[in-house]
Structure formats: structure tokens, C-alpha cells
Amino acid sequence: MTEKVYYFDSHIEECEAVVLSCEKTKNGYDVVLDRTIIFPEGGGQLSDTGYIDDVRVLYAREDGDIIVHECESEIEKGKKVRVRFDKGRRLDMTQQHSGEHILSGTANRLFQATNVGFHMAEDYSTIDLDIFLDEDKIKQLEIEANRAVYKNIPVDIRIVDEAEYETIELRKKTKGLKGEIRVVRYEGVDSCTCCGTHCMSTGEVGTIKITSSIKYKGGTRIWFLCGERAIRHYIETQKIVDTIARRFSVKHEDVVSAVVRQGDELNDCKAQLKRKSTELINYRTAELLSSCEAINGKKCIVSVEKDMGMADLKQLAEKICSSEKSVAVIFSVSGDSVFYQLMRSEGVKLSMRELCNVVNVTLSGKGGGRDEYAQGSSKNIAGIEDSALQILNYLRNVIKNA
Ligand SMILES: [Zn+2]
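About the thresholds
- Residues numbered from 1 in each chain as written.
- Predicted model: local features only at pLDDT ≥ 70, side-chain atom pairs only at ≥ 80, totals over all residues.
- Heavy atoms only, no water.
- Helix = DSSP H or I, 4+ residues; strand = E, 2+ residues; numbered from the N terminus.
- Expected span 1.5 Å × (residues − 1).
- Buried < 20%, exposed > 50% of the residue type's maximum accessible area, 1.4 Å probe, protein only.
- Arc of directions from axis to C-beta.
- Contact = heavy atoms within 4.5 Å.
- Domains from an automatic or database assignment.
- Pairing = 2+ DSSP bridges.
- Donors = N, O, S within 2.8 Å, 3.2 Å for Na, K, Ca; no water.
- Tetrahedral: all angles 85-135°; square planar, octahedral: opposite > 155°, others 65-115°.
- Core = buried A, V, L, I, M, F, W, Y, C linked by side-chain atoms within 4.5 Å.

**Looking at helix α4 (residues 228-248)**
Over its 21 residues, α4 runs 30 Å from end to end, which matches the ideal 30 Å to within 8%, given 1.5 Å per residue. Taken as a whole, α4 has its buried residues at Arg 229, Ala 230 and Ala 245. In an axial view of α4, the angular spread of the buried residues amounts to 140°, which keeps them on one side of the axis. Away from its buried face, by an angle of more than 90 degrees, α4 presents the exposed residues Arg 232, Arg 246 and Arg 247. Close packing links the buried residues of α4 with α1 (87-111), β10 (125-129), β14 (208-216), β15 (219-226) and α5 (255-290). Positive phi shows up at Ser 249, right after α4, with a value of about 55°.

**A few points about the domain arrangement of the protein chain**
Domain annotation for the protein chain reports domain 1 (3-85), domain 2 (91-244) and domain 3 (273-400). If you average the C-alpha positions of domain 2 and of domain 3, the two centres end up 65 Å apart.

**A few points about the sheet that holds strand β20 (residues 366-369)**
The six strands are arranged β16-β17-β18-β19-β21-β20 in an open sheet whose pairing can be described as mixed. Bordering the open sheet on either side are β16 (294-295) and β20, each of which pairs with just one other strand. Across four bridges, β20 lies against strand β21 (residues 373-378) in antiparallel orientation. Its bridge partner being in β21, Gly 368 is matched across the sheet by Gln 375.

**Details of the coordination of the zinc ion**
Ideal donor angles around a metal are set by the shape: a four-donor tetrahedron calls for 109.5 degrees, a six-donor octahedron for 90 or 180 degrees. Each protein donor to the zinc ion is listed here as His 97 (NE2), His 101 (NE2), Cys 194 (SG) and His 198 (NE2); together their distances run 1.9 to 2.1 Å. Metal-centred angles of 99 to 126° between the four donor atoms at the zinc ion mark the site as tetrahedral. Ordering the donors of the zinc ion by residue number gives the pattern H-x3-H-x92-C-x3-H. Residue His 97 is located in helix α1, and its partner Cys 194 is located in the loop between β13 (190-193) and β14; the two are separated by 97 residues in the primary sequence. On the basis of relative accessible area, Cys 194 is assigned to the buried category, the value being 14%.

**Some details on the nonpolar core**
Counting residues in hydrophobic clusters, the biggest one holds 32 residues, and the most contacted among them are Ile 102, Leu 103, Leu 129, Leu 141, Val 205 and Ile 208. At the level of elements, α1, β9 (115-120), β10, α2 (135-150), β11 (155-160), β12 (181-186), β14 and β15 are the ones that each hand at least two residues to this core. Listed in part, the 23 residues of the second largest apolar core include Phe 331, Val 338, Tyr 340 and Leu 392.

Take a look at the structure:
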């Protein structure tokens, strides 16, 4: 059995111990001591990291009543050693864990909500509650939880036996616990059985910030940050709001309305652009069809447009082919590329897939499609007008001889 020196006081930073065993593993060495200050992963809390003398401890796990330290190098069995943990990480983990107690206890007191899940990650923590809490209740929970922090209530950690365990009142009681049971209490805030490390008083948690909440499995999942994590979140969030406020030249409190207003204006502009674009396509369709003689009752339209998007390009081809019996090959030069769309009217037999192969060869481009419709692109924009003329002549010959 490994003695847990951290069990009653999370502030004890070092302890002496004796190495009971050291076994080589795939990635390092598993070291067991007679006692330790290193907290192993458990109860939702992540493992400490630290040192045994100068040997790095990367992770610790519980194996029955033994704590196994996963170390980088070998340590001699029987050696007397000093054990210490990484203080920054321990404080951070302890703050998140104690914050979870405060939030769970407060949610239970205010709304009779039961904590049914807890997860701590390297950069966030979540609590799952069994009932749904709306935005107002989440706000109330956050304020009340922080009031519990200001009260600086000391932690009370006690070991009780099974008989006493049955008689005491706790927020959450786990059935079937045997032997020595560790009960953790912040008076008036929270009480439950727990194996983690705890702030010696609620004030050490510093700050509790709920960053998000969603409906989850009929209840609520809450994301939260405590201590320095919360402060860093405030700093980052303020930076974001500052940037948006400067961009819009408004005060912080007017940021939301400024963004909404710009979104509305953008939607109006998009609608207006679509109307203008349709008008332009109608005009261009009429222009291209009127300047073209029909061959065997079909018009051959080959046109080079400037900076026309693929959707507009397709709309133009469709408009031409639906207005008069025709074949349309429309190019759009945009930047260093040329895009093309090929379309035929209903009843025209010529395959656009085959015609696209001719365009691909002429422009060293890539493209394909079906008999009714094809598209492609090329980087060969030099001499595009000449290439378009070549394709027009080819198309006229094919239609004439069909
Ligand atoms: Zn705990």
C-alpha cells in the first residue's frame, strides 16, 4: 500500500520516501514508493507530474492500493528519495477540481440538480447535470458559485467508516463503499466522497467562469474554468471584444448591435448584387444571341467574359440555351486562370463532354462532364481570344456538317 501524503493537505510540497520497486516498461520505468506526494489520475482529476530526486515523473496511476509512478529513468530499489510535484500544474488541477465541487454543490442547493458526470482536460473541464438549466439559471449559478469563493470556506477532509457513512448527509452518496471512506466538505457549499486534491479553502479557487452550456442528454453540460485559466479567458475575450469594437469604432456595449447591423447590410448587398447580376446576364444573353447567325437552325455562342463567377457563368450558358436552340461555350478570365462552361439546348445532339475535350486540348486545360453539360479550367490565359475563335470555327464546322 502506498501512503498518500497529499490526502489531507494539498499544500505539502515534498516528502521523503523509499523505493519499493522499479520495473522497466516499454516507455520508461514503473516506480513504486512506500509513500508519495504525487497525485495519480482518479475521480476525474488528471495526474500530477513531478520528480523523484532528479528523475522526471511523467504520470502516476493507481493500481489497487498501490500508486505507480511512470518515470523517465531507473531508480535503485531501496533508495531513500525526495518526491516533489510540479506546483503550477498541481495548483491548476486542484483549482479546477475544487471549482467542480463548488459548482456541483451550488447547482444542487439552488436547483436540486445532480452532478452525473465530470471531465477534466488539460485546458477545460465539464460537468453534466441531470436537469436543464436555462441561460438565467446558468448566470445565477456562476454568481452564487463565486460568492462561495469569496466566503473563503475551509475544506474539511475526514475519513469515516461504513457505519458513520450511512448516517451523514452528503450531496452525493456512492453505494457499496467499504472500509475507510474519505469525505470532503466545504461547509454550506458542498459535501461528498472524493479522492482528489482540494483547495484548503474556497478562496484558493480564485475565480469560477462558466464559458458555455448546452442541453445534453436531457440535462445540461457546463464548460468551466477556474483560477488562472479563468483570468486568461477574461483577458483573451476582452482582446477579441476590443478588436471588434475598434474595427467598428463603437463602445464595447455596442459591439453586438454593430455586428448584427453589418450582417443585415451584407445580406441586403448580396440580394442587390444577385438582382444586378441577373439583369446583366439577361442583357448579355440578348447581346450574344442577336450578334450570332444560326447554322442549321442552331446558334454557336463562344464568348470570353471577365471575372464572372462559376455560378453566373453557368446561369449565362443556361439562359442562352433556354432562349434559343444553341450551343454555348462561355469562358471567364479571372486572375491567372480561365474557367469554362459548355452547354447545349434540348434537342441538340452534340456532346458537351466531347466538345470539352477539344477545349481542354486547345487551352491545355482540365475538365469534363456529361453530354448535356461540361466544365473545366486552365492556366493558359495568353491568347484566350484566339483560342476562343478556333473553338468557334471548330464548332461551326461540326454543326454545319451534322
Ligand atoms: Zn474532490
